Amino acid sequence: MARRTREEAEQTRLLLLETAQELFWEKGVSRTSLADIAQAAGVTRGAIYWHFANKADLFNSMCELVAPQIDEIQRRLCDEAQTAPARTLWRHCCEMLYAICTVPRFTRIVGILHLRCEYVGEMEEGNLTNAEWLKENHGKFQNLLEHAASLGELLPGVDPYMAALSLQAQLRGLVEIWLMRPEALDLARDAERLLSPYFSGVFRQGSWLATADENSN
């Protein structure tokens, strides 16, 4: 009985997170109340407070649904970049863009983070979390670019710090444009074409794009 109760509680928690995604995307975070989420999910407000302290806690838990996938992509980035940083970064960026636009949960949560949340009031802490994540991600990109420079993969004059910021800006910009104007570009189809000008301007030719022979293996 206790096991069944735990399973039912987890099912309710997941239902609330899925419902919150739908309403946050439809109405925006600030205009969605916990009462709205409870009503749409068919549960009481007490059920929400059993699982989440407040809306910010629910919001953070929703974002954590995609954390394992992001963590796995970044883990592979760090592991594989030791021997071929430029090529690994290329695959990583293409894979991230593809995942964002083809995995429905990923798409919705990223869309909410970019377009449906005002980081003020009770959600202000989320802005600090985003800033910390951007700083951490920039550091990973910079370390990778510095490693690429040590292997002679960067073009002369490229500053790894600035190149890391530029890459972050491009990735974020492409995602936001796609979210706001999906008819303007097809991220799943054109990720490589959209990213290749950056990589051509930062890395030496042949260091980042696999050859036809390598792709066939």
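These figures come from a predicted structure and were not determined experimentally.

Draft legend 1. Up close: the packing of aromatic side chains. Taken as a whole and judged by the stated rule, the model has six aromatic pairs. On the basis of an interplanar angle of 85 degrees and a centroid distance of 5.1 Å, the ring pair of Trp90 and Phe199 is categorised as edge-to-face. A residue pair is termed long-range when its members are at least 10 positions apart, and Trp90 in helix 6 (residues 85-102) and Phe199 in helix 10 (residues 187-202) qualify at 109 residues. Comparing Trp90 with Phe199 shows no difference in burial state: the two are buried.

Draft legend 2. Examining the packing of helix 8 (residues 124-150) against helix 9 (residues 160-180) more closely. The interhelical angle for the contact between helix 8 and helix 9, taken along N-to-C directions, is 125 degrees, at an axis separation of 8 Å. In terms of orientation, helix 8 and helix 9 fall into the oblique class. The hand of the helix 8/helix 9 crossing is right-handed. In this structure, helix 8 uses Leu134, Asn137, His138, Phe141, Gln142, Leu145 and Glu146 to contact helix 9, whose residues at the interface are Pro160, Tyr161, Ala163, Ala164, Leu165, Leu167, Gln168, Leu171 and Arg172. A per-class count over the contact of helix 8 with helix 9 returns 10 nonpolar, four polar and two charged.

Draft legend 3. Examining the nonpolar core more closely. Counting 61 residues, the largest nonpolar core has Phe59, Leu89 and Phe203 as its most contacted members. For this core, the element with the most residues is helix 6, which contributes 10 residues. Apart from the residues within four sequence positions on either side, Leu89 is in contact with Leu77, Phe141, Leu144, Leu145, Leu167, Phe199 and Phe203.

Draft legend 4. Representation of the UniProt feature "DNA-binding region" (unreviewed entry) in the protein chain in the model. Taken from the UniProt record, the annotation "DNA-binding region" (unreviewed entry) applies to residues 33-52. Secondary structure over residues 33-52 splits into 75% helix and 0% strand, and the C-alpha atoms at its two ends are 13 Å apart.

Draft legend 5. Spatial organisation of helix 9. The terminal C-alpha atoms of helix 9, which comprises 21 residues, lie 30 Å apart, in line with the 30 Å expected from a rise of 1.5 Å per residue. Buried within helix 9 are the following residues: Pro160, Ala163, Ala164, Leu167, Gln168, Leu171, Leu174, Val175, Trp178 and Leu179. Looking straight down helix 9, one finds that the buried residues subtend no more than 145 degrees of arc, so they occupy a single side. More than 90 degrees from the buried face of helix 9, the exposed residues found are Ala169 and Met180. For helix 9, the side-chain oxygen to backbone nitrogen distance between the N-cap and Tyr161 is 2.9 Å, and the N-cap itself is Asp159.

Draft legend 6. A look at the UniProt feature "domain: HTH tetR-type" (unreviewed entry) in the protein chain. The sites that UniProt annotates as "domain: HTH tetR-type" (unreviewed entry) are residues 10-70. Within residues 10-70, the helical portion is 75% and the strand portion 0%, while the C-alpha atoms at the span's ends are 22 Å from each other.

Draft legend 7. The arrangement of the packing of helix 6 against helix 10 in detail. Where helix 6 meets helix 10, the axes come as close as 9 Å, and the angle between the chain directions of the two elements is 145 degrees. When the axes of helix 6 and helix 10 are compared, the crossing they make is right-handed. Taking contact as the criterion, the partners of Ala86, Leu89, Trp90, Cys93, Cys94, Leu97, Tyr98, Cys101 and Thr102 in helix 6 are, on helix 10, Leu187, Ala188, Ala191, Glu192, Leu195, Ser196 and Phe199. Partitioning the contact of helix 6 with helix 10 into residue classes produces 13 nonpolar, two polar and one charged.

Draft legend 8. Quick peek at the environment of Cys101. Examined against the element boundaries, Cys101 turns out to sit in helix 6. On a C-alpha basis, the gap between Cys101 and Leu187 in space is 6.6 Å, while along the polypeptide they are 86 residues apart. Setting aside residues no more than four positions away along its own chain, Cys101 makes contact with Thr107, Trp178, Leu187 and Ala188.

Draft legend 9. Here's a closer look at a nonpolar patch on the surface. Judged by side-chain polarity, Tyr161, Met162 and Leu165 come together as a nonpolar surface patch covering roughly 290 Å² of accessible area. Along the chain, Met162 turns up in helix 9.

Draft legend 10. Examining the side chain of Ser61 more closely. Along the chain, the position of Ser61 falls in helix 4 (residues 55-63). Every residue in contact with Ser61, bar those within four places of it in the chain, is listed here: Arg13, Leu17 and Phe52.

What counts and what doesn't
Residues numbered from 1 in each chain as written. Predicted model: local features only at pLDDT ≥ 70, side-chain atom pairs only at ≥ 80, totals over all residues. Heavy atoms only, no water. Phe/Tyr/Trp six-rings, centres within 6.5 Å; stacked < 30°, edge-to-face > 60°. Helix = DSSP H or I, 4+ residues; strand = E, 2+ residues; numbered from the N terminus. Buried < 20%, exposed > 50% of the residue type's maximum accessible area, 1.4 Å probe, protein only. Axes fitted to C-alpha atoms, helices over the stretch in contact; angles between N-to-C directions. Parallel < 35°, antiparallel > 145°, perpendicular 65-115°, else oblique. Left-handed = near helix turned anticlockwise from the far one by under 90°. Contact = heavy atoms within 4.5 Å. Nonpolar A, V, L, I, M, F, W, Y, C, P; charged D, E, K, R; others polar. Core = buried A, V, L, I, M, F, W, Y, C linked by side-chain atoms within 4.5 Å. UniProt positions renumbered as here; feature names shortened; annotations may be inferred. Expected span 1.5 Å × (residues − 1). Arc of directions from axis to C-beta. Polar contact = N/O pair within 3.5 Å; in protein donor to acceptor, adjacent residues only side chain to side chain. Patch = residues over 30% accessible without salt bridge, like charges linked within 9 Å, V, L, I, M, F, W, Y side chains within 5 Å. Areas by Shrake-Rupley, 256 points an atom, 1.4 Å probe, with all protein chains shown as cover. Salt bridge = Lys/Arg side-chain N within 4 Å of Asp/Glu carboxyl O.

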